[in-house]
Amino acid sequence: TDLLKVRDLDVQYGPAVALRDVSFDLPPNSALAVLGPNGAGKSTLARTLSGLVPPVRGSIELDGRNIAGRSPEYIRRTGLVHLPEGRGVFAGLTVLENLRMATMGDRRRRTESLNRALEIFPVLGERAGQAAGTLSGGEQQMLSLARALMVNPRLVIADEMSLGLAPKMVDVVFESLQRARAAGVAVLMIEQFATRALDFADRCLILQRGRVAWTGPADDAGSEL
Ligand code: ADP
Ligand code: ADP
């Protein structure tokens with residue numbers, strides 16, 4: 001059964017239609033690349049799934065629960081974490097302090113989650129005491145992903161994680177996402193580098209003017225671009 005089930009989603013900003021009739025499914029532990037030109041509605045989809053923008057119509061089921069229009073906090077607890085574009089790390093805090101912020105107030109779970117995060121990303125363990133600002137751009141994104149995984153989500157929305165990074169750093173970002181997948185987390189990816197996103201993903205959704213222009217296996221998407 002699907003981890004995410006989106007049906008007939010309409011989203012508007014006031015009178016302006018941003019998404020119309022968007023439907024798709026995401027199996028557990030899969031990776032979906034959401035592609036499309038600027039203004040197609042990719043960020044709006046990410047914001048709607050994560051509760052930042054309510055839909056005017058349609059349903060979003062995560063793990064069998066309807067999360068359409070619920071708060072970001074509720075949705076996060078249901079298992080979806082949105083990594084917003086831009087770096088979410090606190091440069092002046094250490095790597096460890098950044099990770100701990102994700103599970104404040106829950107000490108028992110914190111140790112467990114921390115051990116798991118450091119197991120997935122051993123590099124962060126080696127840098128635990130270092131200020132996050134001294135990490136490379138790719139490692140900072142790795143840290144921001146690791147922090148997201150601290151709450152044990154089933155699905156991570158990676159919104160332009162490689163934006164503005166040098167190619168070597170982009171490699172680090174994709175490798176980090178691959179590690180998250182290996183740990184059983186599904187990924188919905190919005191990404192400028194379409195070919196890299198398609199290499200990574202198993203499914204693809206192409207948006208155009210707020211509508212689903214094409215959806216199918218990532219391997220078949222190349223000819224649709
Ligand atoms: P993409 O991420 O694919 O570039 P967006 O989701 O950002 O597309 O935008 C989809 C459409 O919604 C565009 O026409 C954009 O101008 C519009 N839009 C996005 N955010 C807002 C907003 N906060 N208020 C009004 N219109 C918005
Ligand atoms: P993205 O495509 O990643 O959403 P943009 O540069 O289009 O980036 O948008 C940056 C910010 O401006 C976002 O918060 C978005 O909601 C807002 N925005 C985008 N388009 C519009 C619009 N037509 N009217 C009002 N706000 C908008």
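On a predicted model such as this, the values are computed, not experimentally measured, just so you know. (Residues numbered from 1 in each chain as written. Chains lettered and ligands numbered in written order. Predicted model: local features only at pLDDT ≥ 70, side-chain atom pairs only at ≥ 80, totals over all residues. Heavy atoms only, no water.)

Chemist: It is not clear to me how the pattern of salt bridges should be interpreted in this structure. Could you clarify?
Modeler: Opposite charge on two side chains lets them pair, provided their charged atoms get close. Overall, the coordinates contain twelve salt bridges when judged by the stated rule. With a shortest N-O distance of 3.6 Å, Glu73 and Arg77 are connected by a salt bridge. Taken together, the positions of Glu73 and Arg77, both in helix 2 (residues 72–78) and four residues apart, correspond to about one turn of that helix. The class for Glu73 is partly exposed, based on a relative accessible area of 38%. Among the residues examined, Arg77 registers a relative accessible area of 62% and is labelled exposed. Close ionic contact of Arg181 with Asp202 constitutes a salt bridge, the shortest N to O distance being 2.7 Å. (Salt bridge = Lys/Arg side-chain N within 4 Å of Asp/Glu carboxyl O. Helix = DSSP H or I, 4+ residues; strand = E, 2+ residues; numbered from the N terminus. Buried < 20%, exposed > 50% of the residue type's maximum accessible area, 1.4 Å probe, protein only.)

Chemist: Mind showing me how you'd approach the packing of aromatic side chains here?
Modeler: The relative placement of two aromatic rings is captured by the distance of their centres and the angle of their planes. Within this structure, the stated rule accounts for one aromatic pair. Measuring from centroid to centroid gives 5.9 Å for Phe174 and Phe200, while their planes differ by 75°, and the two rings are edge-to-face. In this pair, Phe174 is assigned in helix 7 (residues 167–182) and Phe200 in helix 8 (residues 194–200), connecting sequence segments 26 residues apart. On the accessibility criterion, Phe200 (8% relative accessible area) is buried. Positioned over the ring face of Tyr74 is Arg70, at 3.7 Å from the centre of the ring. Above the plane of the ring of Phe200 lies Arg181, whose end atom (NZ or CZ) is 5.7 Å from the centre. (Phe/Tyr/Trp six-rings, centres within 6.5 Å; stacked < 30°, edge-to-face > 60°. Lys NZ or Arg CZ within 6 Å of the ring centre and 35° of its normal.)

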